[in-house]
Amino acid sequence: MESRFMKDNLGYKLAPLILFVFVALIWEYAPTLFGIPEFVLPRLSRVVSVFADPRTLAVFFDNGLVTLLEALVGLLIGGGLGLAFGVVLSQSRLLMKMFYPYIVALQCMPKVALAPLLVIWFGFGLTSKIIVVALLCFFPMLVNTITGLRSVSRDNLELFRAIGAPRSATLRHLYIPAALPNILTGLELAIVVSLLGAIVGEFVGAEKGLGVLLVQAQFQMNIPAVFAILLILVALGLLFSLSVKFMRQRLLFWIPQEAKQVKV
Amino acid sequence: MESRFMKDNLGYKLAPLILFVFVALIWEYAPTLFGIPEFVLPRLSRVVSVFADPRTLAVFFDNGLVTLLEALVGLLIGGGLGLAFGVVLSQSRLLMKMFYPYIVALQCMPKVALAPLLVIWFGFGLTSKIIVVALLCFFPMLVNTITGLRSVSRDNLELFRAIGAPRSATLRHLYIPAALPNILTGLELAIVVSLLGAIVGEFVGAEKGLGVLLVQAQFQMNIPAVFAILLILVALGLLFSLSVKFMRQRLLFWIPQEAKQVKV
Amino acid sequence: MSDDAIIKVDAVVKTYATAGGQVPALSAVSTNIRNGDFVSIVGPSGCGKTTLLKMIGGLIEPSAGSIELRGSPVTGPREDVGFVFQGAVLLPWKTVLENVLLPIQVKRRVTAQDRARAFELLDSLGLTNFDKRYPAELSGGMQQRVSICRALIGDPSCLLLDEPFGALDALTRENINVLFNQIWRGTRKTVLLVTHSIQEAVFLSTRVLVMSKRPGEIVDDIQIDLPEERLPELIGSPEFGALANRIRPYFTKLAID
Amino acid sequence: MSDDAIIKVDAVVKTYATAGGQVPALSAVSTNIRNGDFVSIVGPSGCGKTTLLKMIGGLIEPSAGSIELRGSPVTGPREDVGFVFQGAVLLPWKTVLENVLLPIQVKRRVTAQDRARAFELLDSLGLTNFDKRYPAELSGGMQQRVSICRALIGDPSCLLLDEPFGALDALTRENINVLFNQIWRGTRKTVLLVTHSIQEAVFLSTRVLVMSKRPGEIVDDIQIDLPEERLPELIGSPEFGALANRIRPYFTKLAID
Amino acid sequence: QDNLREVVFGLPNVAMTPAFCMFAVSSELGFFAEEGLDVRVQTMSGAGQVAQMLAAGSIEIGGITPEPIWTSIDQGYDFRIVYNLVRLPTGAIGVPADSDINGMEDLAGKRLGVQSLGSSNITLTNALLPRVGVDPGSVQYLAVGVGAQAFQALQAGHVDGLATSDTNFAPLENMGMAFKYFLGPGQEALFSTQVVVNGETVQSDPDFIAGFGRALAKGTAVAIDNPEACIQMMWKRYPDTREIGRSEDEQMAGSIKVLEKRLALMTDDYQAEHGWGSTNPANVQIWNEFATETAIIPKAISDIDTRYTNDFVDAFNDFDASAALAEARAWAP
Ligand SMILES: Nc1ncnc2c1ncn2[C@@H]1O[C@H](COP(=O)(O)OP(=O)(O)OP(=O)(O)O)[C@@H](O)[C@H]1O
Ligand SMILES: Nc1ncnc2c1ncn2[C@@H]1O[C@H](COP(=O)(O)OP(=O)(O)OP(=O)(O)O)[C@@H](O)[C@H]1O
Ligand SMILES: Cc1ncc(C[n+]2csc(CCO)c2C)c(N)n1
Ligand SMILES: [Mg+2]
Ligand SMILES: [Mg+2]
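Computed from a prediction, not measured in an experiment: that's the story for all the values here.

**Observations concerning the coordination of the magnesium ion (ligand 5)**
Here comes step 1: Only T50 of chain D (OG1) and Q86 of chain D (OE1) from the protein coordinate the magnesium ion (ligand 5), and they sit 1.9 to 2.2 Å from it. Taken together, the residues span a long stretch of sequence, with T50 of chain D in helix α1 (residues 49–56) and Q86 of chain D in the loop between β6 (81–84) and α2 (96–105) at a distance of 36 residues.

Right under this line is the structure:
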């Protein structure tokens, strides 16, 4: 829908870069310009300078790895269960009626309030954080899987019934591919909350992790460090998000509007 | 996909009820049976008894209203913006490339970490909580809207181009209806996080609301009250979720697998 | 009718329930189809041909009446029945070859033989070298031909075809008609074909059922006593013309409303 | 050709880029179409008819060559052109009436007159009382007829029709052919019709373009000098037979590969 | 070293802080190891969570403020106070040094910032205000959190002062804000964080309690003598407490301030006389009455004297202080 001029044009590639520089400049100079104190919004260079110290980097790396591990394992478990439940529930109205309200109920409980209970049950190690992450990742995956599975057309369903496809084959060759756009959307949402979940889990009680660093930095009123840690989270999130984008382009080649993006 | 026996059968209607009674019984008797201290999991009757006092009810009602208001207004703003951004971004690859990374970045920042900043910026009143809610609701709505808009078939797009439909009409008559299943899924996810957002916002600094009650009850070690408040949140969440289900059935009548549910 | 009936349709009625009320689609249709028969169904648009075919295939349930296939009541789709839908209904995420092999893939491992057979079918339907393409890259007629290959791949003994040749040009259609006649003679499959072409119905069939407008009924049942081998030359023959002329009047009488 | 050409197609080539490589669909097609002409395009399945029609309609871009409509190059769809797609392409969330009125609704308020016209069109295409139904509740042929109504509602001066009658039975098709001839005579719209029926092409057209197999070229351009009013009786006439016979051989020569 | 007993101590704070750096000393100088213990300090969201963990048996020992202790006892949990850790109230009212508020009696009609609306400082302040003739209803509370958020609230004039704890005031002072502090009448008796175990531990494992307390006492003595080394040990033991991107000197100065504020609350005349960890029975009675009066608990705890013990005090103080201090002076990071 862009003008032909923009297509494959240099300007097209430059625009995001320009915006990036623009945002960076604002972040750097707005605090001074508008007299925003450092503890409210430290200038970008202050935040970036936090990364200059190799010892700090090592600490970030160490703790980041723990958070990443919790997020990934939790995502795998929660996302996987969300997918599985989505598939199972959408196969039966009865199961849906029986279990869906409990799932919604579980999701409406603030995880920060549940986290202490999970710590009691599963200890201060990785397990309790992984469970918080899994709880958070479960729902977006579930809801999107169900929506995707429901989008299968009546014609396609009739085809699979006509060729006598067993349920497993119908899932594999029809439901799952048809639901894939939505499942990947669920994954994208789950990825974002997986990082949040790991952090929140760490807030309540952990030995290591970016969440621990964040609480520590906040407690010390070390706001540049707070922002530095947030930047790490953002970087991880963008990395995750890019991999989903990549998966979309690879797996959804048959949707013109998804594949189109490949050329960008 | 159920056996014919189950269809419209009494057992069909009873099963969820039986599960409900089962869960309630476990909640009531497990604490005593397994010696779980009341601190960790109070028995159901203790939690329910919290609601017996009319004064307590009045307090819950008062504060619940505040939380509900924050959640609804935030949902409206955040969900609305998510929808609007989804529409705008998916109209242009350039805008998508430019802004999507920043949106992902924003989402990867733990809201619990941002909340103190928001309180600094927007004060201790409703505004800061509404913004936390809006931030949380924005992303699920955005991502699902984009997925929905992308699901529009090439044939339909060609039709609209052929009849010379202006962009606004294409949106209204093609993109939006086609994306509606996904938009409603986004709404369902947004609704769930809207309540969480309001609570988290209230944790950090608020005058009134269920989040304040929750912190107070936790501090007073009144764990039955903590669970009672969680029950209220669950009830609100289920109410919201039911309304989305209702909307699905009304708005998506043309999708056999959505409409089918009506008969249940 | 004789007892070697493979399909027995008995007083079948179909009424669709819609938000706007009950839509009667088919009113009391009865017929028996013998094993190895090639039966065409013709009738005005919207008269219930697709509905009838889907009920025989076990895809939808009759509102009243009963359908038997090989002596047992139809309660769902059967193995051994190949279906071609009115639209091509191909999976956009599978290649042409994968779409053709789908009925096998959902049941067991695809063998080299299956693949060879698929290539053979694609060749005979003029789709050589299109095996790796995706449906979106095919023309309408090519998609329809892929769906015909898919119905034939499992070598079902009974074929239900809903306007399979509608999007084909005259020559391709004629060639495929000849091909179908060969297949039918070679395998003696039972075939039910919905078509809009009187010529095609007469050319391919041993029997033609004529339906009235909605709610459809069978108004004529014409035996096509032509030699089993049907070649293009046949179309010019007086017997062929006579049979076609027997059907044509119905299309004038049963005028659309 | 004469200067009152409304459509000028000049050395147009189309090659699709796919993951599997370049697919040549159309090789150097040139033709001019005069205002008020009724031109049919026939040719084997997959030869590029749909591609050509979509390029003239401004829906896809030629790989080479140029197309002009009313003297200005085609860069996108134009007002005043009605399109019927090979599939019906109806919106499942709109009723039949809403689908028919869509081309108006996207541009301006629908008036009572528009609605009256829509009902008239539905009536003339045998869809009386189906205005409140949803597409899923229609048969294949009924859906196709709805899409024809949609192309006619805006009273465009130029119609591009891609096998609009493929899913119709012989009689409905004949009736609609007569109707189209009436409409054309009454309004002198310029019509481009892709069809698989030689009979239909001759019956409706002032000119028939015959295309070769993929990558398609125009191999013959036949003037149909019959009286403007075409009635069913015409089909039996010797002139009609002669014209049809002139086209038929191409379908033998251009055998599918 | 391998046969040390692993112990998790529940710390009633979201993060390790200089206020608790005596735990680092006891670990770094091997005081815990000498008692056969390997103590891991686990941060928690607050004293309530520590109480919950202790009640659930997830931890054996923890630091808990009195309110959750009384509540838990009231609810039937057999908590036992074994070591009086923070002997004076941590909470206080602080107003900017240039404020025209000069005592609690000036608070009528003012707005106070608190960490959250669940904060114990609200209960405390409301209970104390009538004692100076101020109607608690006339004082408004606003949740302003801690740190930057609280700083901003004061600066912007959203609140006239803060009712919060020493560890929250210290960073604000480090940011250059000067405060005047007020305590209410009789507030000194309301001690703060206690070391608590389950009653059965007292029966089954007195040596553990004695050893833990002795190591803690040694660490506290070292902290008083050598705060700088104490902070260094905290940095070594808990690297997260190293403030990222802030100079060591700046951080040391700030940390020592926090520590000194806290140490002032960990020593008093009674401790000087009776030793580390000792509890003044009179103060327990005062707390019991205060908690009842302020409805923290519905009725006074009748057997309050059995809920704490001074039995271990002698064991806690049975060490050679000068040797401990010497060890610390010899320690290098
Ligand atoms: N989107 C596409 N991508 C790649 N190839 C395409 C695409 N659309 C059409 N083709 C190829 O272009 C050729 C011409 O297709 P087109 O749809 O124009 O044929 P057609 O003459 O309309 O055939 P039919 O009568 O079967 O509808 C075909 O070989 C087809 O495989
Ligand atoms: N799912 C449905 N819901 C409601 N009505 C339906 C449904 N399917 C078909 N009908 C109605 O039933 C009648 C018969 O439809 P059917 O598809 O069987 O016709 P057909 O003979 O195959 O027509 P065509 O030749 O146009 O394909 C039509 O009037 C149609 O409106
Ligand atoms: C469901 C639930 N139960 C207990 C606690 C425990 N808890 C954690 S913090 C705190 C006091 C406030 O600092 C208390 C009692 C909780 N968080 N959530
Ligand atoms: Mg049909
Ligand atoms: Mg075509």
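**Topic: the site of ligand 1**
Here comes step 1: Residues in close proximity to ligand 1 total 22 residues, the closest being E137 and S139 of chain C together with T50, T51 and R214 of chain D.
Here comes step 2: Surrounding ligand 1 are residues belonging to chains C and D, so the site spans chains.
Here comes step 3: Contacts to ligand 1 include S139 of chain C, whose side-chain N or O atom sits 2.6 Å from an oxygen atom.
Here comes step 4: G140 of chain C has a polar backbone atom sitting 3.4 Å from an oxygen atom of ligand 1.
Here comes step 5: Protein contacts shield 94% of the accessible area of ligand 1, which totals 640 Å² for the unbound molecule.

**With respect to the relation of the copies chain A and chain B**
Here comes step 1: Rotating chain A by 180° about the axis while translating it 0.1 Å along that axis superimposes it on chain B, leaving an RMSD of 0.2 Å. Such values leave the two copies arranged in the relation of a two-fold axis.
Here comes step 2: Counting the interface residues of chain A, we find that 97% of their copies in chain B are interface residues as well, pointing to one common contact surface.

**What about the side chain of Q216 of chain A?**
Here comes step 1: Within the element layout of this structure, Q216 of chain A appears in helix α9 (residues 210–219).
Here comes step 2: Exposure remark for Q216 of chain A: the relative accessible area of 4% places this residue in the buried category.
Here comes step 3: With residues near it in sequence (within four places) discarded, Q216 of chain A still touches A15, M16, D240 and T241 of chain E.

**So, the site of ligand 3**
Here comes step 1: In the vicinity of ligand 3, the contacting residues are A113 and P116 of chain A, Q218, F219, M221, I223 and V226 of chain B together with S45, G46, G48, Q49 and Q52 of chain E.
Here comes step 2: With respect to ligand 3, the chains having nearby residues are chains A, B and E.
Here comes step 3: At 3.2 Å, a side-chain N or O of Q52 of chain E approaches a nitrogen atom of ligand 3.
Here comes step 4: About the coverage of ligand 3: the protein hides 91% of its 430 Å² of free accessible area.
Here comes step 5: Secondary structure elements with two or more residues in the shell around ligand 3: α5 (111–122) of chain A, α9 (210–219) and α10 (223–251) of chain B together with α3 (47–56) of chain E.
Here comes step 6: With three residues, α3 of chain E is the single largest residue contributor to the shell around ligand 3.
Here comes step 7: Among the residues forming the shell around ligand 3, the class breakdown is six nonpolar, six polar and no charged.

**Focus on a negative patch on the surface**
Here comes step 1: Taken together, the side chains of D100, E105, D106 and D160 of chain E define an acidic patch exposed on the protein surface.
Here comes step 2: The class of E105 of chain E is partly exposed, set by a relative accessible area of 47%.

**Looking at the sheet that holds strand β4 (residues 64–69) of chain D**
All names here are of chain D.
Here comes step 1: On the basis of which strands lie adjacent, the open sheet formed by four strands has the order β2-β1-β4-β5 and antiparallel pairing. Edge positions in the sheet fall to β2 (21–34) and β5 (72–73), since each of these pairs with one other strand and no more.
Here comes step 2: Relative to β2, strand β1 (residues 5–18) runs antiparallel, the two sharing ten bridges. Paired with K14 across the strands is L26, a residue of β2.

**Considerations on the arrangement of the chains**
Here comes step 1: Contact analysis covers eight pairs of chains in contact, and the most contacts occur between chains A and B.
Here comes step 2: These two, chain C and chain E, are apart from each other, with no contact and a minimum C-alpha gap of 50 Å.
Here comes step 3: Separating chain D from chain E is a minimum C-alpha gap of 51 Å, and the two share no contact.

**Some words on the UniProt feature "domain: ABC transmembrane type-1" (unreviewed entry) in chain A**
Here comes step 1: Following the UniProt record, one finds the feature "domain: ABC transmembrane type-1" (unreviewed entry) at residues 64–244 of chain A.
Here comes step 2: From the first C-alpha to the last, residues 64–244 of chain A spans 21 Å; its make-up is 88% helix and 0% strand.

Parameters and conventions
Residues numbered from 1 in each chain as written. Chains lettered and ligands numbered in written order. Predicted model: local features only at pLDDT ≥ 70, side-chain atom pairs only at ≥ 80, totals over all residues. Heavy atoms only, no water. Donors = N, O, S within 2.8 Å, 3.2 Å for Na, K, Ca; no water. Helix = DSSP H or I, 4+ residues; strand = E, 2+ residues; numbered from the N terminus. Near = heavy atom within 4 Å. Polar contact = N/O pair within 3.5 Å; in protein donor to acceptor, adjacent residues only side chain to side chain. Areas by Shrake-Rupley, 256 points an atom, 1.4 Å probe, with all protein chains shown as cover. Least-squares fit on C-alpha atoms with pLDDT ≥ 70 in both. Contact = heavy atoms within 4.5 Å. Buried < 20%, exposed > 50% of the residue type's maximum accessible area, 1.4 Å probe, protein only. Nonpolar A, V, L, I, M, F, W, Y, C, P; charged D, E, K, R; others polar. Patch = residues over 30% accessible without salt bridge, like charges linked within 9 Å, V, L, I, M, F, W, Y side chains within 5 Å. Salt bridge = Lys/Arg side-chain N within 4 Å of Asp/Glu carboxyl O. Lys, Arg positive; Asp, Glu negative; His and termini not counted. Charge placed at Lys NZ, Arg CZ, Asp CG, Glu CD. Pairing = 2+ DSSP bridges. UniProt positions renumbered as here; feature names shortened; annotations may be inferred.

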